Amino acid sequence: MNWQRALYNGLWRVLTPFIRRYLKRRARQAPAYLEHWDERFGQALSPKAAGAIWIHAVSVGETRAAQPLVAAIRRQWPDVPLLLTQMTPTGRATAEALYPDAEVRYLPYDYPQAVADFLRAYRPRCGVLMETEIWPNLIHAAADQGVPLVLANARLSEKSLNGYRKVLGLIRPAMRELTAVAAQTAKDADRLRQLGAEKIWVCGSSKYDIEIPAAQRHLAEAFRARLGTRPVLLCASTREGEEALILDAWLKAGAAAGDALLVLVPRHPERWNEAAALAEARGLKLQRRGDGAPVVADTRVWLGDSMGEMFGYLGACDVAFIGGSLLPFGCQNLIEPALMGVPALFGPSVFNFQQAAADSMAAGAGRQVADADEMVNAALALLNDAAAAEAMRQGAARFREAHRGASERMLDLLKAVLEPTA
């Protein structure tokens with residue numbers, strides 16, 4: 001064990017009291033952070049079935065991105081148990097809703113003993129870490145216990161690469177122990193190779209393969225019925241600080257907005273009330289999705305205070321702005337609008353979806369804006385230009401279809417891992 005890994009393990013011990021305080025603080029707004037507490041610290045090890053195919057997806061986005069891969073795994077190995085692990089309550093709730101027949105639990109924090117005990121108890125036949133879940137002790141423990149571990153749908157921004165370079169002595173030995181890496185793009189593959197990953201295949205992103213559930217399409221119809229015939233701008237998965245910018249721009253638009261409705265869906269549920277207060281403080285009449293009532297004519301903002309319904313919101317809007325991109329958060333999932341055939345706008349910060357943003361613009365599906373004012377003006381222009389909006393919808397279809405098939409390529413990689421002589 002080198003000094004960086006020894007320091008890393010020491011930090012986990014030192015930080016434990018602060019982690020517990022953090023969870024308690026988050027629980028003030030999201031009580032679910034106190035549930036299943038023991039699982040986070042490597043306890044409550046009672047597997048329903050050993051030998052599962054195990055998929056770790058940290059939160060909601062990664063859990064949804066795993067859907068097409070899980071479906072492919074189910075077709076290939078229908079009798080093998082499935083284990084899903086997350087790190088957030090919203091991710092866990094999403095997994096429980098999407099995979100009712102799977103075992104769902106939290107992955108322990110990366111304490112050496114905790115992750116080793118977890119693997120020893122569950123004895124997965126293989127593990128799939130979605131996107132950028134690089135936990136050194138977990139990876140070393142899997143190698144020690146002979147559990148093949150695949151980093152799938154893997155992406156790595158230049159910003160993250162620069163951060164990892166500072167701890168290469170910790171990260172590189174772990175990356176070399178991964179059984180395989182399925183990168184989203186050639187650029188991701190190159191960055192992952194710089195961290196020490198060796199067996200890398202470029203497979204694309206499984207997010208393009210997601211099939212919209214019928215229930216979500218029905219939900220979109222129900223939402224649209226509540227919203228009426230007004231033009232709708234959806235601001236999806238907004239992050240802290242962005243709602244104020246958007247609401248100021250919406251207020252500034254004034255009469256130019258006509259009867260258009262702003263649908264605001266903050267990414268984190270603990271911020272719903274904050275977003276509502278921001279709108280009301282600006283004198284913008286607001287209704288909530290949770291009130292169950294039709295939206296009245298003088299309502300300017302409809303607050304999406306629900307989880308797991310993003311495709312419903314997307315299906316009910318005319319133009320979508322993707323949050324996390326006005327401020328330096330790297331952008332939320334800008335592939336989802338294309339799946340629903342919706343014109344997409346996004347801000348300057350897209351480092352989490354750099355290639356997807358470029359491909360979206362090249363296909364005519366998406367448009368990048370500099371700030372909230374430009375976003376609102378661009379959205380209103382599209383709401384008033386049916387031909388331009390239709391061109392972007394056609395671009396969304398091209399964008400979506402050009403990138404499908406990643407899940408089957410990842411399945412082929414898993415088959416090579418689990419059935420090497422087949």
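Residues numbered from 1 in each chain as written. Predicted model: local features only at pLDDT ≥ 70, side-chain atom pairs only at ≥ 80, totals over all residues. Heavy atoms only, no water.

1. Focus on the UniProt feature "site: Transition state stabilizer" (unreviewed entry) in the protein chain
Mapped onto the present numbering, the UniProt feature "site: Transition state stabilizer" (unreviewed entry) falls at E131 and K207. For the residues just named, distributed over 77 residues, the greatest C-alpha separation is only 11.1 Å, placing them together at one site. Counting through the fold element by element, E131 comes out in the loop between strand 4 (126-130) and helix 7 (136-144). For E131, the contacting residues outside a window of four places in its chain are E62, A65, L151, A152, N153, A154, R155, Q184 and K207. Among the polar contacts made by the side chain of E131, one reaches the side chain of R155 at a distance of 2.7 Å. As for its position among the elements, K207 is in the loop between strand 7 (200-202) and helix 11 (214-227). In this view, K207 contacts G61, A65, E131, N153, N333, I335, L339 and F353; residues no more than four positions away in its chain are not counted. (UniProt positions renumbered as here; feature names shortened; annotations may be inferred. Helix = DSSP H or I, 4+ residues; strand = E, 2+ residues; numbered from the N terminus. Contact = heavy atoms within 4.5 Å. Polar contact = N/O pair within 3.5 Å; in protein donor to acceptor, adjacent residues only side chain to side chain.)

2. Remarks on a nonpolar patch on the surface
There is a patch of nonpolar side chains on the surface, built from W3, L7, L11, V14, L15 and F18 and spanning about 640 Å² of accessible area. Of note, W3 is situated in helix 1 (residues 3-27). With relative accessibility at 62%, the residue W3 sits in the exposed group. (Patch = residues over 30% accessible without salt bridge, like charges linked within 9 Å, V, L, I, M, F, W, Y side chains within 5 Å. Areas by Shrake-Rupley, 256 points an atom, 1.4 Å probe, with all protein chains shown as cover. Salt bridge = Lys/Arg side-chain N within 4 Å of Asp/Glu carboxyl O. Buried < 20%, exposed > 50% of the residue type's maximum accessible area, 1.4 Å probe, protein only.)

3. Focus on the packing of helix 6 (residues 112-122) against helix 7
Taken N-terminus to C-terminus, the directions of helix 6 and helix 7 make an angle of 45°; their axes are 9 Å apart at the nearest point. Put simply, helix 6 runs oblique to helix 7. In this structure, helix 6 crosses over helix 7, and the sense of that crossing is right-handed. Across the interface between the two elements, P112, V115, A116 and L119 of helix 6 pack against N137, L138, A141 and A142 of helix 7. In terms of residue class, the contact of helix 6 with helix 7 is made up of 7 nonpolar, 1 polar and no charged. (Axes fitted to C-alpha atoms, helices over the stretch in contact; angles between N-to-C directions. Parallel < 35°, antiparallel > 145°, perpendicular 65-115°, else oblique. Left-handed = near helix turned anticlockwise from the far one by under 90°. Nonpolar A, V, L, I, M, F, W, Y, C, P; charged D, E, K, R; others polar.)

4. A short note on the side chain of T185
Considering the arrangement of structural elements, one finds T185 in the loop between strand 6 (180-183) and helix 10 (186-194). Exposure remark for T185: the relative accessible area of 17% places this residue in the buried category. Here D188 takes part through its side chain, which lies 2.9 Å from a polar atom of the side chain of T185. The residues contacting T185, other than those within four sequence positions of it, are V202 and Q355.

5. Regarding the UniProt feature "domain: 3-deoxy-D-manno-octulosonic-acid transferase N-terminal" (unreviewed entry) in the protein chain
When the UniProt feature table is mapped onto this chain, "domain: 3-deoxy-D-manno-octulosonic-acid transferase N-terminal" (unreviewed entry) is found at residues 35-210. Here residues 35-210 is 43% helix and 18% strand, with 29 Å between the C-alpha atoms at its ends.

6. A look at the domain arrangement of the protein chain
As far as domains go, the protein chain holds domain 1 (3-209 + 405-419) and domain 2 (214-402). Here domain 1 and domain 2 have C-alpha centroids that lie 30 Å from each other. Listed by partner, the interface residues are 14 residues for domain 1 and 16 residues for domain 2. Broken down residue by residue, the surface that domain 1 buries against domain 2 is led by R64, K207 and Y208, which jointly contribute 42%. In this structure, the connection of domain 1 to domain 2 is made through 1 salt bridge. (Domains from an automatic or database assignment. Buried area = accessible area lost by both parts, 1.4 Å probe.)

7. Re unusual backbone geometry
One non-glycine residue, H36, lies in the positive phi region at around 55°. Inspection of the secondary structure puts H36 in the loop between helix 1 and helix 2 (37-40). Although it is not a glycine, R123 sits at a positive phi angle of roughly 45°. Note that R123 resides in the loop between helix 6 and strand 4. Overall, the relative accessible area of 54% leaves R123 in the exposed class.

8. What about the layout of surface pockets?
Its volume calculated, the second largest pocket comes out at about 380 Å³. Lining the second largest pocket are 22 residues, and of these T185, D188, Q354, Q355 and A356 sit closest to its centre. Mapped by element, the contributors of at least two residues to the lining of the second largest pocket are helix 10 and helix 16 (354-363). Per-element accounting of the lining of the second largest pocket gives the leading share, 4 residues, to helix 16. Here the residues of the lining of the second largest pocket sort into 6 nonpolar, 9 polar and 7 charged. The two domains that each donate at least three residues to the lining of the second largest pocket are domain 1 (3-209 + 405-419) and domain 2 (214-402). (1 Å grid on protein atoms, 1.4 Å probe; cavity = no way out; pocket = protein on both sides within 12 Å on 5 of 7 lines; lining within 4 Å. Points joined across faces, edges and corners; volume = space filled by probe spheres on them.)

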